[in-house]
Amino acid sequence: QVQLVESGGGLVQAGDSLRLSCTASGRTFALTLIGWFRQAPGEEREFLVGTPWSGDSDPSVKGRFTISRDRAKNTVHLEMNNMKPEDAGVYYCAAGRGTWEYWGQGTQVTVSS
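For clarity, every value in this text was computed on a predicted model and none was experimentally measured.

(A) Region of interest: the pairing of strand β6 (residues 65–70). Here 6 bridges tie β6 to strand β7 (residues 75–80), and the two strands are oriented antiparallel to one another. Within β7, the residue paired with phenylalanine 65 across the bridge is methionine 80.

(B) Local environment of the packing of aromatic side chains. If you walk through the whole model with that rule in mind, you get 5 aromatic pairs. Their ring planes at 75° and their centres at 5.4 Å tell us that phenylalanine 37 and phenylalanine 47 sit as a pair that is edge-to-face. Separated by 10 residues along the polypeptide, phenylalanine 37 in strand β4 (residues 33–39) and phenylalanine 47 in strand β5 (residues 46–51) bring together distant segments of the chain. An identical accessibility class is assigned to phenylalanine 37 and phenylalanine 47; each is buried. With a centroid separation of 5.8 Å and 35° between ring planes, the pair formed by phenylalanine 47 and tryptophan 100 is classed as tilted. You can see phenylalanine 47 sitting in strand β5 and its partner tryptophan 100 sitting in the loop between β8 (89–96) and β9 (102–103), a full 53 residues away along the chain. Summarising the burial analysis for this pair, phenylalanine 47 and tryptophan 100 share the class buried. Ring pairs connect the aromatic residues Phe37, Phe47, Trp100 and Trp103, which therefore count as one cluster. Directly above the aromatic system of tyrosine 92 lies the positively charged group of arginine 45, at a separation of 3.7 Å from the ring centroid.

(C) A look at the nonpolar core. Counting residues in each nonpolar core, the largest one holds 23 residues, and the members touching the most others are Trp36, Phe65, Leu78 and Tyr91. Listed by contribution, the elements that provide at least two residues to this core are β1 (2–7), β3 (18–26), β4, β5, β6, β7, β8 and β10 (107–112). Broken down by element, the residue count for this core peaks at 4 residues, all from β3. Formed by 6 residues, the second largest nonpolar core is a distinct cluster that contains Leu33, Phe37, Phe47 and Trp100.

(D) Layout of the sheet that holds β3. The strand order across the open sheet formed by 4 strands is β1-β3-β7-β6, and the pairing between neighbours is antiparallel. Each end of this open sheet is capped by a strand with a single partner; those strands are β1 and β6. Direction aside, the axes of adjacent strands within the sheet are offset by 20° on average. By the bridge criterion, 6 bridges tie β1 to β3 in an arrangement that is antiparallel. Each bridged residue has a counterpart across the sheet, and for glutamate 6 the counterpart in β3 is cysteine 22.

(E) Region of the structure containing the pattern of salt bridges. Scanning the entire structure with this criterion turns up 3 salt bridges. With a closest N to O distance of 3.2 Å, arginine 38 and glutamate 46 form a salt bridge. The exposure class assigned to arginine 38 is buried, which follows from its relative accessible area of 3%. Residue classification places glutamate 46 among the partly exposed residues on the basis of a relative accessible area of 30%. Aspartate 87 is the partner of arginine 64 in a salt bridge, and the nearest nitrogen-oxygen pair spans 2.8 Å. Here aspartate 87 lies in the loop between β7 and β8 and arginine 64 lies in the loop between β5 and β6, a separation of 23 residues in the sequence. The buried category is assigned to arginine 64, whose relative accessible area is 9%. Several salt bridges share partner residues, and in doing so they unite Arg38, Glu46, Arg64 and Asp87 into one network.

Criteria and cut-off values
- Residues numbered from 1 in each chain as written.
- Predicted model: local features only at pLDDT ≥ 70, side-chain atom pairs only at ≥ 80, totals over all residues.
- Heavy atoms only, no water.
- Pairing = 2+ DSSP bridges.
- Helix = DSSP H or I, 4+ residues; strand = E, 2+ residues; numbered from the N terminus.
- Phe/Tyr/Trp six-rings, centres within 6.5 Å; stacked < 30°, edge-to-face > 60°.
- Buried < 20%, exposed > 50% of the residue type's maximum accessible area, 1.4 Å probe, protein only.
- Lys NZ or Arg CZ within 6 Å of the ring centre and 35° of its normal.
- Core = buried A, V, L, I, M, F, W, Y, C linked by side-chain atoms within 4.5 Å.
- Axes fitted to C-alpha atoms, helices over the stretch in contact; angles between N-to-C directions.
- Salt bridge = Lys/Arg side-chain N within 4 Å of Asp/Glu carboxyl O.

Read these as spatial facts, not as claims about activity.
Spelled out as structure tokens, the structure:
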């Protein structure tokens, strides 16, 4: 099994940057995919960024959101720049072997103008 725990969410001002973290535990050696999703209020969960598979990234986050990995800490980060009010929502870390089969609990991000 794999456990994913997100952290770093909170309130941020529009234009600021924010970094979310996802720490994985368990059988992480078996993972081939890891990435981030977002669910805005009243919207479906959507894929943002991932590695190594980029998938269908949300055009609104391309160039602003990047994923990075700290292998030593078994942690991946979502680096978000130039935050916008429409970026608000619950951010989820996901991982798996070819599919998104493991999910974190999500971390709330609120963006104020």
